[in-house]
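Each chain, written out:
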2 protein chains.
Amino acid sequence: MRIVVARCVVDYTGKLTAHLPEAVRVIMIKSDGSVLVHADGGSYKPLNWMSPPCTLRVEGDGGSQAPQTWVVTNKAGEALQIHILRIEHDDTHDLGVDPGLIKDGVEAHLQALLADQIESLGAGWTLVRREYPTAIGPVDIMARDQRGEFVAIEIKRRGEIDGVEQLTRYLELLNRDSTIAPVRGVFAAQEIKPQARVLASDRDIECRVLDYDALRGMDDPTARLF
Amino acid sequence: MRIVVARCVVDYTGKLTAHLPEAVRVIMIKSDGSVLVHADGGSYKPLNWMSPPCTLRVEGDGGSQAPQTWVVTNKAGEALQIHILRIEHDDTHDLGVDPGLIKDGVEAHLQALLADQIESLGAGWTLVRREYPTAIGPVDIMARDQRGEFVAIEIKRRGEIDGVEQLTRYLELLNRDSTIAPVRGVFAAQEIKPQARVLASDRDIECRVLDYDALRGMDDPTARLF
DNA sequence: CCGTAAATGTCGTCG
DNA sequence: CGACGACGTTTACGG
């Protein structure tokens, strides 16, 4: 990876047009050719960038410190032009291949925990299957209640309106199938936004707030991911 | 901004748990305290990060090159631990305040172009207004067709299911208003995904694919943003 | 500060 | 390779 600190002007043309006036910025050039232009603030998103695969070409190089333009292009015709006015720092490091990130705690894990502890939603409930397939996509969990009636469960970390819409579409479809109807819905999330709760209530969908730590505590500790 | 290249092990605990095994990575520490951990690949998203506002504390510093741990925390109780094993590079640069990004060509621009050329959707159509207000948010464009009936137009760069849901919510609300009902819907986007098209069709919403370049070409060139 | 919608979203997974 | 949904989404905008 090459790391350059330089006074520069940057222009992007592609999905949109963007322009950065003259200032000192950090330019990262990764070994796959991708380029990030960072300011000293904002969050992790660069001011401008080009994603791989792309190629970098140097124009008007009149010497190592002379003004020059770096042009990064890709197959889609997008272009990032970096006009270098003065280089303050320029260094290249060999980082090697990164071993990558190990994650835990996302929706998939919530789903696994809840499937293993389906009775936490109601006594006598049984698991039909996870990722229950339908024509418009899989239902997170299909279960049956103590009376044997089907329950479609949609799981989110944060429950918002679009999650209720998603579950509504599933329920509409599932209830056309006379072999399983009636199917009711449960919207389960670690946190449910008020507007989502209102919409769910309006559609007779039950909301359940999940306690991730409690589910983990009840879970078989040998099943830890790491 | 401080830029460090170091062999490190990184752990994040917060909204989830994440672990990065030992490797050489680039660590950016911005002046607002935020931290990014980048590998030499992937896209602009760091492997791990902490967004501002947050604070960095150094633990177990046994000398400038000795193993040490940087702990970045925020008010929400999230923590990023960076175990520094060996520093290959460490430099600080004063970038000053960035003048910021100037953008053009996003949905707002599509909306402006389409509002100016509303007849491209149908002969005799007239613009009622852009950002037509409703209780649940503004409709991108409200128009009337050649017969004077109202048409609510939702504009996206990429038309997906959630855009159709959004327009559906607007239409449901608008059609309760007897002074403008019936209101029909048009889903307009540069690109419309098949599933979105199916859902729109099911709800009697018309899909229209927008040609951005053609709309620009017809547009008054003096109206350029920059 | 909360809530919603947009994003050059990016990233995984699965067909 | 494209479609689809999740994301520690982040970010901008309005009430």
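Structural data are supplied above this passage.
Nothing here was measured: the structure is a model prediction, and the numbers come from that model. (Residues numbered from 1 in each chain as written. Chains lettered and ligands numbered in written order. Predicted model: local features only at pLDDT ≥ 70, side-chain atom pairs only at ≥ 80, totals over all residues. Heavy atoms only, no water.)

**Some details on the relation of the copies chain B and chain A**
Two chain copies here: they are related by a rotation about an axis and a translation along the same axis. With an RMSD of 0.7 Å, the operation that places chain B on chain A is a rotation of 177° combined with a shift of 0.0 Å along the axis. Both chain copies can therefore be described as sitting about a two-fold axis. Comparing interface residues between copies, 95% of those in chain B also lie at the interface in chain A; the contact surface is shared. (Least-squares fit on C-alpha atoms with pLDDT ≥ 70 in both. Contact = heavy atoms within 4.5 Å.)

**With respect to the packing of aromatic side chains**
Evaluation of the coordinates by the stated rule reveals 2 aromatic pairs over all chains. Relative to B:Trp49, the ring of A:Tyr44 lies with its centre 4.6 Å away and its plane at 65°, an arrangement referred to as edge-to-face. On the criterion of chain membership, the pair formed by A:Tyr44 in the loop between strand 3 (35–38) and strand 4 (48–50) and B:Trp49 in strand 4 (residues 48–50) is interchain, its members lying in two chains. (Phe/Tyr/Trp six-rings, centres within 6.5 Å; stacked < 30°, edge-to-face > 60°. Helix = DSSP H or I, 4+ residues; strand = E, 2+ residues; numbered from the N terminus.)

**Here's the deal with the protein's contact with DNA strand D**
The local shell around DNA strand D holds 21 residues, among which A:Ser43, A:Lys156, A:Arg157, B:Trp49 and B:Gln195 are the closest. Counting only the atoms of DNA strand D that lie within 4 Å of the protein, the sugar and phosphate share comes to 76%. The separation between a phosphate oxygen of DNA strand D and a polar side-chain atom of A:Arg158 is 3.3 Å. The contact in question runs from a base nitrogen of DNA strand D to an N or O atom on the backbone of B:Trp49, over 2.4 Å. Broken down by element, the surface near DNA strand D gets its largest block of residues, 4 residues, from strand 11 (residues 150–159) of chain A. (Near = heavy atom within 4 Å. Polar contact = N/O pair within 3.5 Å; in protein donor to acceptor, adjacent residues only side chain to side chain.)

**What about unusual backbone geometry?**
Glycine aside, residues mostly have negative phi angles, and peptide bonds mostly take the trans form. Here A:Ala181 and A:Pro182 are connected by a cis peptide whose omega angle stands at 0°. By the secondary structure assignment, A:Pro182 is in the loop between helix 2 (161–174) and strand 12 (183–192). The peptide bond linking B:Pro52 to B:Pro53 adopts the cis configuration, its omega dihedral lying at 0°. Despite not being glycine, B:Asp204 shows a phi value in the positive range, around 55°. Along the polypeptide, B:Asp204 turns up in the loop between helix 3 (194–202) and strand 13 (206–209). Note on B:Asp204: relative accessible area 68%, which makes it exposed. (Buried < 20%, exposed > 50% of the residue type's maximum accessible area, 1.4 Å probe, protein only.)

**Looking at empty space enclosed by the protein**
All chains considered together, the criterion is met by 1 cavity of 30 Å³ or more. A volume near 30 Å³ is recorded for the largest cavity. When its residues are assigned to classes, the lining of the largest cavity shows 2 nonpolar, 4 polar and 2 charged. (1 Å grid on protein atoms, 1.4 Å probe; cavity = no way out; pocket = protein on both sides within 12 Å on 5 of 7 lines; lining within 4 Å. Points joined across faces, edges and corners; volume = space filled by probe spheres on them. Nonpolar A, V, L, I, M, F, W, Y, C, P; charged D, E, K, R; others polar.)

**Things to note about the pairing of strand 11 (residues 150–159) of chain B**
Residues and elements named next belong to chain B. Most of strand 11 sits out of view: 8 of its 10 residues are buried. One ladder, built from 4 bridges, connects strand 10 (residues 139–144) with strand 11; its direction is antiparallel. Residue pairing in the sheet places Ile-141 in a bridge with Ile-153 of strand 11. Where strand 10 folds back onto strand 11 in an antiparallel hairpin, the turn is made up of 5 residues, including Gly-148, whose phi is positive at roughly 90°. The handedness of the strand 11 to strand 12 (residues 183–192) crossover, carried by helix 2 (residues 161–174), is right-handed. (Pairing = 2+ DSSP bridges. Right-handed = clockwise from strand over helix to strand, strands pointing away.)

**Here's the deal with the environment of B:Val209**
Residue and element names in this part refer to chain B. Residue position: Val-209 is located in strand 13. Taking the C-alpha atoms as reference points, Val-209 and Gly-185, 24 residues apart in sequence, are found 14 Å from one another. Dropping the residues within four chain positions of it, Val-209 is found in contact with Ala-189, Gln-190, Ile-192 and Arg-197.

**Notes on the pattern of salt bridges**
Taken as a whole and judged by the stated rule, the model has 32 salt bridges over all chains. The partner of A:Lys156 in a salt bridge is A:Glu154, and the shortest N-O contact between them spans 3.4 Å. The same class applies to A:Lys156 and to A:Glu154, which are both buried. When the shortest N-O distance is used, the salt bridge between B:Arg158 and B:Glu160 registers 3.2 Å. Residues joined in a network through salt bridges with shared partners are A:Asp145, A:Arg147, A:Glu149, A:Arg184, A:Glu206 and A:Arg208. (Salt bridge = Lys/Arg side-chain N within 4 Å of Asp/Glu carboxyl O.)

**A short note on the interface of chain B and chain A**
If you look at the interface, chain B gives 56 residues, while chain A gives 53 residues. Together, the buried faces of chain B and chain A total about 4,900 Å²; carbon and sulfur atoms form 59% of this surface. Of all residues in chain B, B:Asp40, B:Tyr44 and B:Leu95 bury the most surface against chain A, accounting for 16% of the area lost on that side. The tally of links between chain B and chain A comes to 4 salt bridges. (Buried area = accessible area lost by both parts, 1.4 Å probe.)

**Thoughts on helix 3 of chain B**
Buried within helix 3 of chain B we find B:Ala196, B:Leu199 and B:Ala200. For helix 3 of chain B, the buried positions fall inside an angular range of 100° around the axis, keeping them on one side. Turned more than 90 degrees off the buried face of helix 3 of chain B, the exposed positions are B:Pro194, B:Val198, B:Ser201 and B:Asp202. Among the structural elements, helix 2 of chain A together with strand 11, helix 2, strand 12 and strand 13 of chain B are those in contact with the buried residues of helix 3 of chain B. Phi turns positive, to about 55°, at B:Asp204, one or two residues after helix 3 of chain B. (Arc of directions from axis to C-beta.)

Keep in mind these numbers describe shape, not what the thing actually does.
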